[in-house]
Amino acid sequence: MIPDTHISINNFADIVGVSRATVEKWISKGKCVIHTGADNTKYLIASELASFAEISAMLDNDWDAESGVEPKRVFTSIELFAGGGGLALGIHKAGFKHVLLNELDKDACATLKKNMPDWNVVQDDIHEVDFTPYKGKVDLLTGGFPCQAFSYAGKRLGFEETRGTLFFELARAVKEIQPKVFMAENVKGLLEHDKGRTIETIKSVIAELGYTLIEPRVLRAILYNVPQKRERLILIAVRNDIAPLVSFKWPSVCGEMRTLRDAFYKGYLYDTDVPDSEGQRYPEAKAEVMRLVPEGGDWRDLPDEVARNYMKSSFDLGGGKTGMARRLSMDEASLTLTCAPAQKQTERCHPLETRPLTVREYARIQTFPDNWDFCGSLSSKYKQIGNAVPVNLAWAIGRALMRLFNQIEEVYPEIKAWEFAEPYKPVSKMHGIFEGMVCEPGCEDIG
């Protein structure tokens, strides 16, 4: 970030992860200095905000240097709950070689196969997948498991107490594969889920599996070259025999904040304006309401009678409910995308046009490349995109993991995971699982 960069109040609030009201309190107390432009716009100056850790990190970042991280050899990976490919693509772009991707949803699997026909995509219930053929032959395991409560009938919070959940299946894969490192991602709410017992159980299981957990961290996508306010909890664990020999460093933040303007128009993120694509449309009655909402506004900007009729019982409830009748702002990052762009409680209206975001606009906000095609119905495409880890965030995490593996390669020499003597024969519980795979050194970059 350039020291004299002008930052709007809303964008500063998003960068530091607080509300606009909090920033306005800071301004009133002199903690931040507000400036007024010739056009009467209010802004802050980056160099005057260096006392804030997030701004300091953006002013002195290693983003460009980290973008050039190269693998010392081919490191292999397996991904679970692969979905439409956001995490998988980011990890791939960082230089990892996927040898297996597991996903149950048929449309998501079709998306993965269409875009990356060389990937070994296994459409199957994870409960039915046997991972033992990969034991000791895979470097990295990744996956985003659903947040579920565990049973606490036992006296200790361990592996067996998670049985019946999808986290148990991820843990089983770790146990069967024994990768050097595994990475799991989830919503930040996992930290408080079930009064904190869920994350404590997860930590206990990780230790039981023989891994050292790096202190989990919530990463805000807006700091990693993504025009979206999405937050993800990242858990990274290193096998105990390796952990004392290496030191993991979280990825550097980007020096600039991206907005919807970066997503929709030719510029830093994309070489062209967003291409036309299919998308949902509002019923006329809803469109009439949304036309009254200004850019960056919500239901509070509607005439009182219109707001009461649109909000119905929600009108008199407490709280801001700012997701209702929400129109995005072109010069701010998008709100976190959901599985559908026109849900009443989490509206995502286009900043300038009265319509929901299209499929390609959705994909760009998640930083998918324009040539990444999604398969299935319109609703399925929105779901795949909305559930994904933003590609640029995944890429940043992948680069940090690649630095870690380059360290491991220096201090933990062994036979390369991809140097298998011969291809394995299928030995699946259902279908499509291989005992092994010959991987060619190298990694395509689909750009």
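Residues numbered from 1 in each chain as written. Predicted model: local features only at pLDDT ≥ 70, side-chain atom pairs only at ≥ 80, totals over all residues. Heavy atoms only, no water.

Caption draft 1: Region of interest: the overall build of the protein. When you go through the protein residue by residue, the secondary structure sums to 14 helices and 11 strands. Taken over 447 residues, the protein has a buried fraction of 55%. Long-range contacts, defined here as pairs at least 24 residues apart, represent 70% of the contacts in the protein between residues at least 6 apart. Here the protein has roughly 19400 Å² of accessible surface; of this, 50% comes from carbon and sulfur atoms. (Helix = DSSP H or I, 4+ residues; strand = E, 2+ residues; numbered from the N terminus. Buried < 20%, exposed > 50% of the residue type's maximum accessible area, 1.4 Å probe, protein only. Contact = heavy atoms within 4.5 Å. Areas by Shrake-Rupley, 256 points an atom, 1.4 Å probe, with all protein chains shown as cover.)

Caption draft 2: Unusual backbone geometry, seen in detail. In the Ramachandran plot, Gln178 falls in the positive-phi region, its phi being about 55° despite a non-glycine side chain. When you line up the elements, Gln178 lands in the loop between α7 (166-177) and β8 (181-186). Classification of Gln178 as partly exposed rests on a relative accessible area of 24%. The phi dihedral of Lys195 is positive, around 60°, even though this residue is not glycine. For Lys195, the location among the structural elements is in the loop between β8 and α8 (197-208).

Caption draft 3: Expanded view of the nonpolar core. Within the largest apolar cluster, 56 residues are counted, with the highest numbers of intra-cluster contacts made by Phe12, Phe96, Val181 and Leu401. Of all the elements in the fold, those that place two or more residues in this core are α1 (9-16), α2 (20-28), α3 (53-59), α5 (86-93), β8, β11 (231-239) and α14 (391-411). Counting residues per element, this core draws most heavily on α14, which supplies 10 residues. The residues touching Val181, leaving out its near neighbours within four places in the chain, are Asp139, Leu140, Leu141, Ile236, Ala237, Val238, Leu401, Leu404, Phe405 and Ile408. Counting 34 residues, the second largest nonpolar core, distinct from the first, contains Ile78, Ile126, Val174 and Ile206. (Core = buried A, V, L, I, M, F, W, Y, C linked by side-chain atoms within 4.5 Å.)

Caption draft 4: Region of the structure containing the confidence of the model for the protein. Mean pLDDT over the protein stands at 89; residues scoring 70 or higher make up 90%. Counting contacts from residues 415-447, a segment whose pLDDT is below 50, to residues more than four positions away or on other chains yields 78 contacts. (pLDDT = per-residue confidence, 0-100.)

Caption draft 5: How the structure looks around the sheet that holds strand β2 (residues 35-36). Spatially, the three strands line up as an open sheet ordered β1-β3-β2, and their pairing is antiparallel. Strands with a single pairing partner mark the edges of an open sheet, and in this sheet they are β1 (6-7) and β2. With two bridges connecting them, β1 and strand β3 (residues 42-45) associate as antiparallel partners. Considered in β3, the bridge of His6 is made with Ile45. (Pairing = 2+ DSSP bridges.)

Caption draft 6: Structural detail: α7. Between its terminal C-alpha atoms α7 stretches 17 Å, which fits the 16 Å expected from 12 residues at 1.5 Å a residue. Of all 12 residues making up α7, 10 are buried, and the element is well covered by its neighbours. Within α7 the residues assigned to the buried category are Phe167, Phe168, Glu169, Leu170, Ala171, Arg172, Ala173, Val174, Glu176 and Ile177. Buried residues along α7 sit in contact with β4 (76-80), β7 (140-143), β8, α8 and β9 (211-213). Two residues or fewer after α7 comes Gln178, characterised by a positive phi angle close to 55°. (Expected span 1.5 Å × (residues − 1).)

Caption draft 7: Spotlight on the packing of α5 against α14. The interhelical angle for the contact between α5 and α14, taken along N-to-C directions, is 45°, at an axis separation of 7 Å. With respect to each other, α5 and α14 are oriented oblique. Helix-helix and strand crossings are classified by hand; for α5 and α14 the assignment is right-handed. Contacts between α5 and α14 involve Gly86, Leu87, Leu89, Gly90, Ile91 and Lys93 from the first element and Val391, Ala394, Trp395, Gly398 and Leu401 from the second. Tallied by class, the residues present in the contact of α5 with α14 amount to seven nonpolar, three polar and one charged. (Axes fitted to C-alpha atoms, helices over the stretch in contact; angles between N-to-C directions. Parallel < 35°, antiparallel > 145°, perpendicular 65-115°, else oblique. Left-handed = near helix turned anticlockwise from the far one by under 90°. Nonpolar A, V, L, I, M, F, W, Y, C, P; charged D, E, K, R; others polar.)

Caption draft 8: Spatial organisation of α2. All buried positions along α2 are accounted for by Val23, Trp26 and Ile27. End-on view of α2: buried residues confined to an arc of 100°, all on one side of the axis. For α2, exposure combined with an orientation more than 90 degrees from the buried face picks out Lys25 and Ser28. Against the buried residues of α2 lie α1. Directly after α2, the chain includes Gly30, whose backbone phi takes a positive value near 85°. (Arc of directions from axis to C-beta.)

Caption draft 9: Expanded view of the packing of aromatic side chains. As enumerated under the stated definition, the model contains 15 aromatic pairs in all. With 5.1 Å between their ring centres and 35° between their planes, Trp26 and Phe52 make a pair best called tilted. Of this pair, Trp26 sits in helix α2 while Phe52 sits in the loop between β3 and α3, and the two are 26 residues apart along the sequence. Taken together, the ring pairs in this structure connect Trp119, Phe368, Trp372 and Phe374 into an aromatic cluster. (Phe/Tyr/Trp six-rings, centres within 6.5 Å; stacked < 30°, edge-to-face > 60°.)

Caption draft 10: Local environment of the pairing of strand β5 (residues 97-103). Within β5, seven of the seven residues are buried, leaving the element largely enclosed by the surrounding structure. Bridging between β4 and β5 involves four bridges; their strand directions are parallel. Note that in β5 the partner of Ser77 across the bridge is His98. The parallel pair β4 and β5, bridged by α5, forms a crossover whose chirality is right-handed. The sheet contact formed by β5 and strand β6 (residues 121-123) spans three bridges and is parallel. Looking across to β6, one finds that Asn102 is bridged to Val122. Read as a crossover between parallel neighbours, the route from β5 over helix α6 (residues 106-115) to β6 is right-handed. (Right-handed = clockwise from strand over helix to strand, strands pointing away.)

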